[in-house]
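Each chain is listed here by its residues.
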Amino acid sequence: MILVGGFPGGGHAQGREKKPEDTGYETRVYKTIGEVELNLRVYQPEDWMPDDRRPAVVFFFGGGWRGGSPDQFHPHCEHLAKKGMVAMAAEYRIKNLHDSTPTQSTMDAKSAMRWVRENAGKLGIDPNRLAAGGGSAGGHLAAATATIGDAISEDGDDLSVSAVPNALILFNPAVNLQLPRIEEKFPADIYRSLAAISPLQHLGADLPPTIIFHGTADEAVPFQTVVDFSTKARELGAEVELVAYDDRPHGFFNYGRGDGKDYADTVAKMDTFLVELGWIKAE
């Protein structure tokens, strides 16, 4: 059985929360599948009020749809909360914990986006200023919420609530799942199913404003795949900024990687992107 999470008194079955003093975030259950609870970490600005209408972002971690943790985007969420946004980091089903498929991970990402919009009034956010972000497989999930339509959705989702973000912040995202290197990693039936959730093949002119950070030496997600994605998107009339980092490998953007300069630079450019959208103020 699948349940959609919610706030106490909000008409949903879930809604437990916790905010340990040492985390800086609240935890909400946004979805329950059988005995599996999927949480969303919610980072609020210091002056946050429930009746605010702040811009918001949901980040999805990387890990090949097999592993990973929302910890990956803890620094990004803390940073954007300080900038005045409500920032969130979502759990989703992964192979190592749930014996799940990338399609199920995608369903969870869409459920998370719908849950946030459905609860916008209690989260203190503007449902029309909601971004999706992520790295690697998490970048795929964010891009998929913007591209693949409602055909791939959880049975319990309210399809009247849009899962499509108003902006995308993507870090070395897997945007083309129809590649020999991906086919090698999955059983034939799973690989065939990936066509339905591959962002490149479902691009439209309605892609929201997008920024992509990618290393040219990425061997896990080839740089050419984001070039193809960006080129096709622009040809369709979408706004996409591709920021290339020469000779950087996969995951170069993460906090604590190398000397920290790439993390700082990608975050600064993310801020500029959000300033240009009018979502945060320039320093």
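Asks: Tell me about the overall build of the protein, and name the residues and values.
Replies: When helices and strands are counted, the protein shows 9 helices and 9 strands. Computed over C-alpha atoms, the radius of gyration of the protein comes to 17 Å, within 12% of the 19 Å expected from 2.2 N^0.38 for 283 residues, which places it in the range of a compact globule. Its C-alpha atoms give the protein principal-axis dimensions of about 50 × 45 × 35 Å. Relative to all contacts within the protein whose residues are 6 or more apart in sequence, the contacts with residues 24 or more apart total 72%. In the protein, 28 positive and 40 negative side-chain charges are present, and the distance between their average locations comes to 1 Å.

Asks: Which residues make up the layout of surface pockets, and what are the values?
Replies: Quantified by volume, the largest pocket comes out at close to 250 Å³. Along the wall of the largest pocket there are 17 residues; nearest its centre are Trp-65, Ile-182, Lys-185, Ala-220 and Val-221. A per-class count over the lining of the largest pocket returns 10 nonpolar, 4 polar and 3 charged.

Asks: So, the nonpolar core: which residues are in play, and what are the values?
Replies: Membership of the largest hydrophobic core comes to 59 residues, with the highest contact counts inside it found for Val-58, Phe-60, Met-88, Val-116 and Leu-207. Those residues in contact with Val-116 that lie beyond four places of it in its chain are Leu-40, Val-58, Met-88, Leu-123, Ile-125 and Leu-130. Counting residues in each nonpolar core, the second largest holds 28 residues, with Val-57, Ala-89, Phe-273 and Ile-280 among its members.

Asks: Let's hear about the packing of aromatic side chains: which residues, and what values?
Replies: According to the stated counting rule, one finds 11 aromatic pairs in the structure shown. Consider the rings of Tyr-25 and Tyr-43, whose centres lie 5.1 Å apart with planes at 45 degrees: the pair is tilted. Linking Tyr-25 in the loop between strand S1 (2-4) and strand S2 (26-33) with Tyr-43 in strand S3 (residues 36-43), this pair joins segments that are 18 residues apart in sequence. Overall, the relative accessible area of 12% leaves Tyr-25 in the buried class. Classification of Tyr-43 by relative accessible area gives buried; the value is 1%. Pairing Phe-171 with Phe-213 gives two aromatic rings, centres 5.1 Å apart and planes at 20 degrees, and the pair type is stacked. In this pair, Phe-171 sits in strand S7 (residues 167-171) while Phe-213 sits in strand S8 (residues 210-215), placing the two residues 42 residues apart along the sequence.

Asks: Could you give me a rundown of the packing of helix H3 (residues 102-118) against helix H5 (residues 137-147), with the residues and numbers involved?
Replies: Where H3 meets H5, the axes come as close as 9 Å, and the angle between the chain directions of the two elements is 65 degrees. With respect to the hand of their crossing, H3 and H5 are arranged in right-handed fashion. Judged by residue contacts, Ser-105, Thr-106, Ala-109, Lys-110 and Met-113 of H3 engage His-140, Leu-141, Ala-144 and Thr-145 from H5. Partitioned by chemical class, the residues of the contact of H3 with H5 number 4 nonpolar, 4 polar and 1 charged.

Asks: Tell me about the environment of Glu-283, and name the residues and values.
Replies: Relative to the elements of secondary structure, Glu-283 occurs in the segment after helix H9 (261-277). Considered as a pair, Glu-283 and Thr-272 are 11 residues apart in the sequence and their alpha carbons are 9.8 Å apart. One polar contact links Glu-283 to Lys-83, side chain to side chain, over a distance of 2.6 Å.

Asks: Account for unusual backbone geometry, naming residues and giving values.
Replies: Phi is positive for Trp-65, which is not a glycine, with a value near 60 degrees. Residue Trp-65 is classed as buried on the basis of its relative accessible area of 8%. Backbone geometry at Asp-247 places phi at a positive 60 degrees, although glycine is not the residue there. For Asp-247, the location among the structural elements is in the loop between strand S9 (240-245) and H9.

Asks: Give me the lowdown on the environment of Asp-265, citing residues and values where you can.
Replies: Here Asp-265 shows up in helix H9. Each C-alpha atom, one on Asp-265 and one on Gln-224, is 22 Å from the other, the two residues being 41 residues apart in sequence.

Asks: Describe the pattern of salt bridges, and please don't skip the residues or the numbers.
Replies: A side chain of one charge can pair with a side chain of the opposite charge when the charged atoms of the two come close. Applying the stated criterion across every chain, the model contains 17 salt bridges. Taking the shortest distance from any N to any O, the salt bridge between Arg-93 and Glu-154 comes out at 2.6 Å. Of this pair, Arg-93 sits in the loop between strand S5 (86-90) and helix H2 (95-98) while Glu-154 sits in the loop between H5 and S7, and the two are 61 residues apart along the sequence. Side by side, Arg-93 and Glu-154 carry an identical accessibility label, which is buried. Salt-bridge contacts for Arg-248 lead to Asp-262; the nearest nitrogen and oxygen are separated by 2.7 Å. With Arg-248 in the loop between S9 and H9 and Asp-262 in helix H9, this residue pair connects regions lying 14 residues apart in the sequence. Through salt bridges that share partners, Lys-31, Arg-93, Asp-108 and Glu-154 make up one connected network.

Asks: Give a description of the side chain of Ser-198 that names residues and reports values.
Replies: Along the chain, the position of Ser-198 falls in the loop between helix H7 (188-193) and S8. Looking at Ser-198, the relative accessible area reads 0%, which means it is buried. Of note is the side chain of Ser-198, whose polar atom sits 2.4 Å from the side chain of Gln-201. With sequence-adjacent residues up to four places away left out, Ser-198 is seen in contact with Val-175, Asn-176, Leu-177 and Gln-178.

Cut-offs used in this document
Residues numbered from 1 in each chain as written. Predicted model: local features only at pLDDT ≥ 70, side-chain atom pairs only at ≥ 80, totals over all residues. Heavy atoms only, no water. Helix = DSSP H or I, 4+ residues; strand = E, 2+ residues; numbered from the N terminus. Rg over C-alpha atoms; globule rule 2.2 N^0.38 Å. Contact = heavy atoms within 4.5 Å. Lys, Arg positive; Asp, Glu negative; His and termini not counted. Charge placed at Lys NZ, Arg CZ, Asp CG, Glu CD. 1 Å grid on protein atoms, 1.4 Å probe; cavity = no way out; pocket = protein on both sides within 12 Å on 5 of 7 lines; lining within 4 Å. Points joined across faces, edges and corners; volume = space filled by probe spheres on them. Nonpolar A, V, L, I, M, F, W, Y, C, P; charged D, E, K, R; others polar. Core = buried A, V, L, I, M, F, W, Y, C linked by side-chain atoms within 4.5 Å. Buried < 20%, exposed > 50% of the residue type's maximum accessible area, 1.4 Å probe, protein only. Phe/Tyr/Trp six-rings, centres within 6.5 Å; stacked < 30°, edge-to-face > 60°. Axes fitted to C-alpha atoms, helices over the stretch in contact; angles between N-to-C directions. Left-handed = near helix turned anticlockwise from the far one by under 90°. Polar contact = N/O pair within 3.5 Å; in protein donor to acceptor, adjacent residues only side chain to side chain. Salt bridge = Lys/Arg side-chain N within 4 Å of Asp/Glu carboxyl O.

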